[in-house]
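Next come the chains, spelled out residue by residue.
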Amino acid sequence: MGRDAPTEEKNITPRDRNVTFERGTEFVVPYVKENINRCRCSQCPVQANSRCAQSEGQSVKQALKNAPAGEVPDPEKVPGVYCSEGPATCQDLDFDRQCICSSCEVWKEYDLKNANPNNHFCQHGRAT
């Protein structure tokens, strides 16, 4: 395949949705209530001693309960789903600790083992 050859498009069907993206380019993990609820970031050792993340985690649980149908809290207020939204805003995370991204259902569903980055989204930003 030459330098100017078109990139092959792939279709992946995670659960009941169609997600289309080109491998090697940008794709999106949707920032939706379902992914926020399945996210494991709040249990990650990287965030375990973060007062900021723990405080925001409690706030987001309440915000999700009170949110009108189809609405979600602002990403800056959610200590998680970094694969969708980008690096953490909390400054007290411990990036020397092992992340648990590979145990997350969102990580598995969107095949993030092949994404760049594929771990520590809270530090490196969203998956592409």
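Looking at an unreviewed UniProt entry, one finds the chain named DUF2769 domain-containing protein, with Methanosarcina vacuolata Z-761 as its source organism.

Peer 1: Go over the overall build of the chain, please, and point to the residues and values.
Peer 2: Scanning the chain for helices and strands turns up five helices and two strands. Secondary structure elements in the chain, listed N-terminal to C-terminal, are β-β-α-α-α-α-α. Residues counted as buried form 38% of the 128 residues belonging to the chain. Summarising the internal contacts of the chain: among those between residues at least 6 apart in sequence, 62% fall at separations of at least 24. Accessible surface for the chain amounts to roughly 7,900 Å². Of this, 45% is attributable to carbon and sulfur atoms.

Peer 1: Account for the side chain of His-120, naming residues and giving values.
Peer 2: Mapped onto the fold, His-120 is located in the loop between α4 (105–109) and α5 (121–124). Here Arg-97 takes part through its backbone oxygen, which lies 3.2 Å from a polar atom of the side chain of His-120. Excluding its chain neighbours within four sequence positions, the residues that come into contact with His-120 are Val-46, Phe-95, Arg-97, Cys-99 and Cys-101.

Peer 1: So what about helix α2 (residues 51–66)? Which residues, and what values?
Peer 2: The terminal C-alpha atoms of α2, which comprises 16 residues, lie 23 Å apart, in line with the 22 Å expected from a rise of 1.5 Å per residue. Turning to α2, its buried residues number three or more, namely Ala-53, Glu-56, Gly-57, Val-60 and Leu-64. Buried positions in α2, seen along its axis, are confined to an arc of 115° and lie on one side of it. Exposed side of α2, more than 90 degrees from the buried face: Arg-51, Gln-58, Lys-65 and Asn-66 are the residues found there.

Peer 1: Please give an account of the nonpolar core that cites residues and values.
Peer 2: In globular proteins that are soluble, nonpolar side chains generally tend to be buried together. One finds Cys-83, Leu-93, Leu-112 and Phe-121 to be the most contacted residues of the largest nonpolar core, which totals 28 residues. A per-element tally of this core places α2 first, with three residues. Not counting chain neighbours up to four residues away, the residues in contact with Leu-93 comprise Val-46, Gln-47, Ser-50, Ala-53, Ala-88 and Cys-122.

Peer 1: Explain the pattern of salt bridges to me, using residue names and the numbers behind them.
Peer 2: Pairs can form between side chains of opposite charge whenever their charged atoms are close. For the structure shown, the criterion picks out three salt bridges. For the salt bridge of Glu-105 with Lys-108, the shortest nitrogen-to-oxygen distance reads 3.6 Å. With Glu-105 and Lys-108 both in helix α4 and three residues apart, the pair spans about one turn of that helix.

Thresholds, definitions, all that
Residues numbered from 1 in each chain as written. Predicted model: local features only at pLDDT ≥ 70, side-chain atom pairs only at ≥ 80, totals over all residues. Heavy atoms only, no water. Helix = DSSP H or I, 4+ residues; strand = E, 2+ residues; numbered from the N terminus. Buried < 20%, exposed > 50% of the residue type's maximum accessible area, 1.4 Å probe, protein only. Contact = heavy atoms within 4.5 Å. Areas by Shrake-Rupley, 256 points an atom, 1.4 Å probe, with all protein chains shown as cover. Polar contact = N/O pair within 3.5 Å; in protein donor to acceptor, adjacent residues only side chain to side chain. Expected span 1.5 Å × (residues − 1). Arc of directions from axis to C-beta. Core = buried A, V, L, I, M, F, W, Y, C linked by side-chain atoms within 4.5 Å. Salt bridge = Lys/Arg side-chain N within 4 Å of Asp/Glu carboxyl O.

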